[in-house]
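What the coordinates show
Okay, here's what each chain looks like letter by letter:
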Amino acid sequence: MTQHHARKLASLTTPLLLIALLAGFVLLVLAFGDRSLGRMAAETLIRVTLVVGFWIFAGNSGVISFGHAAFACVGAYVSAWVTLKPEMKSLLLTGLPDWVAQAEWHVLPAALAAGSVAAALALITGAAILRLSGIAASIATFAFLAMVNTIWSNWTPVTGGTSSVVGLARYVSPWVGLGWAALAIGVAALYAASASGLALRATREDEVAASASGIDRYRHRLAAYTLSAFFCGIGGALMGHFIGVINPDGFYLGLTFLMLAMLVMGGIGSLSGAVVGVLVVSIAVEGLVRLEKGVTLGATEFALPAGSQEILIGLAMILVLIFRPAGLLAGRDLSLPAAWVAGRADPTD
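Summarised in this report is the structure supplied together with it. All figures in this text were calculated on a predicted structure; none of them were measured in a lab. (Residues numbered from 1 in each chain as written. Predicted model: local features only at pLDDT ≥ 70, side-chain atom pairs only at ≥ 80, totals over all residues. Heavy atoms only, no water.)

Looking only at helices and strands, one finds 16 helices and 4 strands in the chain. For a compact globule of 349 residues, the expected C-alpha radius of gyration is about 20 Å, and the chain comes in at 21 Å, within 12% of that figure. Seen through its principal axes, the chain has C-alpha atoms that stretch 70 × 65 × 40 Å. By the burial criterion, 48% of the 349 residues in the chain qualify as buried. Put simply, 79% of the contacts in the chain that link residues at least 6 apart link residues at least 24 apart. Of the side-chain charges in the chain, 19 are positive and 17 negative, and the distance between the mean point of each set is 4 Å. (Helix = DSSP H or I, 4+ residues; strand = E, 2+ residues; numbered from the N terminus. Rg over C-alpha atoms; globule rule 2.2 N^0.38 Å. Buried < 20%, exposed > 50% of the residue type's maximum accessible area, 1.4 Å probe, protein only. Contact = heavy atoms within 4.5 Å. Lys, Arg positive; Asp, Glu negative; His and termini not counted. Charge placed at Lys NZ, Arg CZ, Asp CG, Glu CD.)

Turning our attention to the packing of helix 6 (residues 107-129) against helix 7 (residues 134-154). For the pair helix 6 and helix 7, interaxial distance at closest approach is 11 Å and the crossing angle is 140°. When the axis of helix 6 is compared with that of helix 7, the two are oblique. Helix-helix and strand crossings are classified by hand; for helix 6 and helix 7 the assignment is right-handed. For the pair formed by helix 6 and helix 7, the contact residues are Leu-121, Thr-125 and Ile-129 on the first element and Ala-137, Ala-140, Thr-141 and Phe-144 on the second. Of the residues assigned to the contact of helix 6 with helix 7, the class counts are 5 nonpolar, 2 polar and no charged. (Axes fitted to C-alpha atoms, helices over the stretch in contact; angles between N-to-C directions. Parallel < 35°, antiparallel > 145°, perpendicular 65-115°, else oblique. Left-handed = near helix turned anticlockwise from the far one by under 90°. Nonpolar A, V, L, I, M, F, W, Y, C, P; charged D, E, K, R; others polar.)

So, about the layout of surface pockets. By volume, the second largest pocket amounts to about 450 Å³. Around the second largest pocket sit 19 residues that line it, and Glu-43, Arg-47, Phe-242, Ile-243 and Leu-258 are the ones nearest its centre. Partitioned by chemical class, the residues of the lining of the second largest pocket number 10 nonpolar, 5 polar and 4 charged. (1 Å grid on protein atoms, 1.4 Å probe; cavity = no way out; pocket = protein on both sides within 12 Å on 5 of 7 lines; lining within 4 Å. Points joined across faces, edges and corners; volume = space filled by probe spheres on them.)

Our next topic: the environment of Leu-253. Relative to the helices and strands, Leu-253 is located in helix 13 (residues 253-266). The sequence separation of Leu-253 and Gly-53 amounts to 200 residues, and the corresponding C-alpha distance is 18 Å. Apart from residues no more than four positions distant in its own chain, Leu-253 is found in contact with Phe-142 and Leu-145.

Attention shifts here to a nonpolar patch on the surface. A cluster of nonpolar side chains, namely Leu-312, Leu-315, Ile-318, Leu-319, Ile-322 and Phe-323, defines an oily patch on the protein surface of about 590 Å² accessible area. Position of Ile-318 relative to the elements: it lies in helix 15 (residues 308-323). (Patch = residues over 30% accessible without salt bridge, like charges linked within 9 Å, V, L, I, M, F, W, Y side chains within 5 Å. Areas by Shrake-Rupley, 256 points an atom, 1.4 Å probe, with all protein chains shown as cover. Salt bridge = Lys/Arg side-chain N within 4 Å of Asp/Glu carboxyl O.)

The subject of this paragraph is empty space enclosed by the protein. The method is simple in principle: a probe with the dimensions of a water molecule rolls over the atoms, and the space it marks as empty is what remains. Inspection of the entire model under this criterion finds 1 cavity of 30 Å³ or more. The computed volume of the largest cavity comes to approximately 40 Å³. Among the elements of the structure, helix 3 (68-83) and helix 13 are those that each provide at least two residues to the lining of the largest cavity. When residues of the lining of the largest cavity are assigned to their parent elements, the largest contribution, 3 residues, is made by helix 13. For the lining of the largest cavity, a count of residues per class yields 5 nonpolar, 3 polar and no charged.

Within the element layout of this structure, Ser-138 appears in helix 7. Excluding residues that lie within four positions of it along the chain, Ser-138 makes contacts with Val-63, Ile-64 and Phe-66.

So, about the pattern of salt bridges. Taken as a whole and judged by the stated rule, the model has 7 salt bridges. Close ionic contact of Arg-290 with Asp-34 constitutes a salt bridge, the shortest N to O distance being 3.2 Å. Separated by 256 residues along the polypeptide, Arg-290 in helix 14 (residues 271-293) and Asp-34 in the loop between helix 1 (3-32) and helix 2 (35-61) bring together distant segments of the chain. Where Asp-216 meets Arg-219, a salt bridge forms, and the shortest distance between an N and an O atom there is 4.0 Å. For Asp-216, a relative accessible area of 36% corresponds to the partly exposed category.

See the structure below:
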């Protein structure tokens, strides 16, 4: 087996190792944690789906998008529209079309519908936004996020406006979250290894050389943007069915900067960085929240001041950017050593 083939086979172990890491995380939490930690694990895995979806576009294209929380918002509301009981919709969402108002779907097709609608919206809006590049594209995605938030906050008969939509079925457990996170990781790894993913990363590394080689940057960006939105839409639906309540502001600046923080912390240059960033930030936030509530050390009770969580996470991001500008994993993916993979694949060597 050649060294090239050995490295390629080793790279295929990345999604398996990441899924195994998340499964081990769930098992540890369920075995040794309390109910609160179980909820944290489920929320962390929802964030993995969101951030891995975000990485499919941002990690491969190098374009920082501020608009992906909008796709999560659309996904959450689409799932709510088709899963809420008709009686609840007649009270909260009086402007829905009759066929939607009477719909009562199972949560699985609702999640797929949420992702599909988000992907369709990305295809339409990305057709215009992705003709821009660099900071102009990033600003355009932020404008898109602001537009979606404004529309959803004022489209009261259909979205409930700024009032919360309540009554969603709460079905997202750590195992459900793990299943969707594993699917997102698997698809993200397949896309990254595909011809489109390789071409898109080539435009990220050297746009001029890629263009001279005949690579259509716009087409590959749009494909990644659409696929990325699909998983963000599903992530939004999962968030709604985890909390049981949705509101447009829950999918605005707070979620946007949390996703960015996780991606920056782990490293935008690799799929492993996206997953590890979510785990590190989620565990750190949970620890800081518990410290804000207070812990007892012997005869002394210690508690961080309220708001310390945001300050310390921000400080950690600054330190990572100073000392590890490429993130904790510095663009590297978790994988088995190529020599070990080659030996297992060709035992006669």
